[in-house]
Amino acid sequence: MPLSSRHLLGLQGVPKEDIQLILDTATTFREVLERPIKKVPTLQGKTICNLFFENSTRTRLSFELAQKRLSADTINFTKSGSSASKGETFKDTVKNIEAMKVDMIVVRHESSGVPHYLTRISNANIINAGDGRHEHPTQALLDMYSIRERLGKIDGLKVCIVGDIAHSRVALSNIYGLISLGAKVSLCGPATMIPKDIQRLGVTITHNIDEAIANNDVLNVLRIQLERKAGTNIPTLREYHNYFGITSERIKKNNPDVLILHPGPINRGVELSSEVADGPFQIILDQVTNGVAIRMAVLYLLGTRP
Ligand code: CP
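We now turn to the structure provided with this report. (Residues numbered from 1 in each chain as written. Predicted model: local features only at pLDDT ≥ 70, side-chain atom pairs only at ≥ 80, totals over all residues. Heavy atoms only, no water.)

Close to the ligand lie S56, T57, R58, T59, R108, H136, Q139, P263 and G264. Measuring from an oxygen atom of the ligand, one finds a backbone N or O atom of T57 at 2.8 Å. One of the side-chain N or O atoms of R58 is found 3.0 Å from an oxygen atom in the ligand. When the free accessible area of the ligand is taken as 260 Å², the share hidden by the protein chains comes to 91%. Class assignment of the residues belonging to the shell around the ligand gives a composition of 1 nonpolar, 6 polar and 2 charged. (Near = heavy atom within 4 Å. Polar contact = N/O pair within 3.5 Å; in protein donor to acceptor, adjacent residues only side chain to side chain. Areas by Shrake-Rupley, 256 points an atom, 1.4 Å probe, with all protein chains shown as cover. Nonpolar A, V, L, I, M, F, W, Y, C, P; charged D, E, K, R; others polar.)

Looking now at the packing of aromatic side chains. Under the definition given, this model contains 5 aromatic pairs. For the pair F53 and F77, a centre-to-centre distance of 4.9 Å together with 40° between the ring planes defines the contact as tilted. Of this pair, F53 sits in the loop between strand 1 (47-52) and helix 2 (58-69) while F77 sits in strand 2 (residues 73-78), placing them 24 residues apart in sequence. Here the two residues F53 and F77 agree in accessibility, since each one is buried. Taking the centre distance of 5.2 Å and the plane angle of 55° together, the rings of F53 and F90 count as tilted. Residue F53 is located in the loop between strand 1 and helix 2, and its partner F90 is located in helix 3 (residues 90-98); the two are separated by 37 residues in the primary sequence. Members of the aromatic cluster, connected to one another through ring pairs, are F53, F77, F90 and Y117. (Phe/Tyr/Trp six-rings, centres within 6.5 Å; stacked < 30°, edge-to-face > 60°. Helix = DSSP H or I, 4+ residues; strand = E, 2+ residues; numbered from the N terminus. Buried < 20%, exposed > 50% of the residue type's maximum accessible area, 1.4 Å probe, protein only.)

Ranked by internal contacts, the top residues of the largest apolar core, which has 62 residues, are L141, M144, I294 and L299. The residues that make up this core include at least three from each of domain 1 (16-135 + 288-303) and domain 2 (137-285). Core analysis: the second largest hydrophobic core is formed by 23 residues, I213, I224, I234 and V270 among them. (Core = buried A, V, L, I, M, F, W, Y, C linked by side-chain atoms within 4.5 Å. Domains from an automatic or database assignment.)

Pairs can form between side chains of opposite charge once their charged atoms are near each other. In the structure shown here, the tally under the stated rule is 9 salt bridges. Between D286 and R150 there is a salt bridge whose closest N-O contact spans 2.9 Å. With D286 in helix 11 (residues 284-303) and R150 in helix 5 (residues 137-151), this residue pair connects regions lying 136 residues apart in the sequence. Judged by relative accessible area, D286 falls into the partly exposed class, the value being 32%. When its relative accessible area of 46% is taken as the criterion, R150 is described as partly exposed. Salt bridges sharing common partners tie together D210, R250 and K253. (Salt bridge = Lys/Arg side-chain N within 4 Å of Asp/Glu carboxyl O.)

With that settled, consider the packing of helix 5 against helix 11. Running from amino to carboxyl end, helix 5 crosses helix 11 at an angle of 120°, the nearest separation of the two axes being 8 Å. Every pair of crossing elements has a handedness; the one defined by helix 5 and helix 11 is right-handed. Across the interface between the two elements, T138, Q139, L141, L142, D143, Y145, S146, E149 and R150 from helix 5 touch D286, Q287, N290, G291, I294, R295 and V298 from helix 11. Here the residues of the contact of helix 5 with helix 11 are counted per class, giving 5 nonpolar, 6 polar and 5 charged. (Axes fitted to C-alpha atoms, helices over the stretch in contact; angles between N-to-C directions. Left-handed = near helix turned anticlockwise from the far one by under 90°. Contact = heavy atoms within 4.5 Å.)

For the rest of this paragraph, the subject is the sheet that holds strand 9 (residues 259-261). With parallel pairing, the 5 strands of this open sheet are ordered in space as 7-6-5-8-9. Two strands close off the open sheet at either side, each with one partner strand: strand 7 (204-206) and strand 9. Sheet twist, expressed as the mean angle between neighbouring strand axes with direction ignored, is 25°. Pairing of strand 8 (residues 218-221) with strand 9 involves 3 bridges; the strand directions are parallel. Counted as the bridge partner of N220 is L261 from strand 9. Most of the contacts of helix 5 go to strand 9, to which it runs at about 160°, and overall it touches strand 8 and strand 9. (Pairing = 2+ DSSP bridges.)

Of all 6 residues in strand 3 (residues 104-109), 6 are buried; the element is thus mostly enclosed. Alternating residues of strand 3 divide into M104, V106 and R108 and I105, V107 and H109, and every residue in both groups is buried. Here strand 1 pairs with strand 3 via 5 bridges, running parallel. Pairing of F52 across the sheet is with R108, part of strand 3.

Turning next to the sheet that holds strand 1. Strand order in the open sheet made by the 4 strands is 2-1-3-4, with parallel pairing throughout. The open sheet has two edge strands with one neighbour each: strand 2 and strand 4 (125-131). Across the sheet, the mean angle from the axis of one strand to that of its neighbour is 15°, orientation sign disregarded. With 6 bridges joining them, strand 1 and strand 2 adopt parallel strand pairing. The residue bridging F52 from the neighbouring strand is T78, located in strand 2. Helix 3 rests against strand 1, strand 2 and strand 3 of the sheet, and its axis sits at about 160° to strand 1.

So this is what it looks like as structure tokens:
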């Protein structure tokens, strides 16, 4: 069965079957990544533009690598160094890129809704690589893949998303995806970082990090988004770490079996101690490896959709 949409704009409203298809397809590509020759001819002849208006390390490089692994032709746009920095409009930029006969566009933008707008001005398949505070669907997919790989399932697991929920696109995509696959999702953070009406999505809330560690199978720990002025929601980073930071002591005291995820980049010493960031409870670099397989799966399923 093909995916139900020709774009991946977010996980809100995406059928459970589509999410499972992406995760299962990624398992096949994960095996390809272990081969001596890590390349398949699946998207030969397709041209993909990575349109990044906001900084990125993991998402941009893993999309580019996924495209190369699938034998697609890739072009990369970053705002700095482009004519957008000379005042060219977003629409003109997209129209000019599309005139080069591009089949798919992977877009990251600081404004929520840009991927949706792109579907109206472009004929390419659009993949959201993170839009403002809205969604980051491939991050949530790779998070779910990594949890499933480590714990064998998603259904019935208790997953807590910790930290700066208010500024996070990773949180929203994880909430939609995890609930769709049957996980019980909770949020933990300061009241100033948790949107007031978010319980309507089917999540519960705690403000006690020890409770969150003790009562969950998985913690997905988010970065404090200093570039989005998240520092104004908390008195100091040191105080945040004292109340909500994940440390080895807290894990050992409350739940040594808990699995720690972090989407990166990490603020070491703020949301995670360095000991946790490099230690045995986390799977942060596995998430990065799995991100290539997930992005290969999404590109393959959209690029070969009838
Ligand atoms: N997780 C994530 O989106 O990281 P980058 O901003 O480096 O792409």
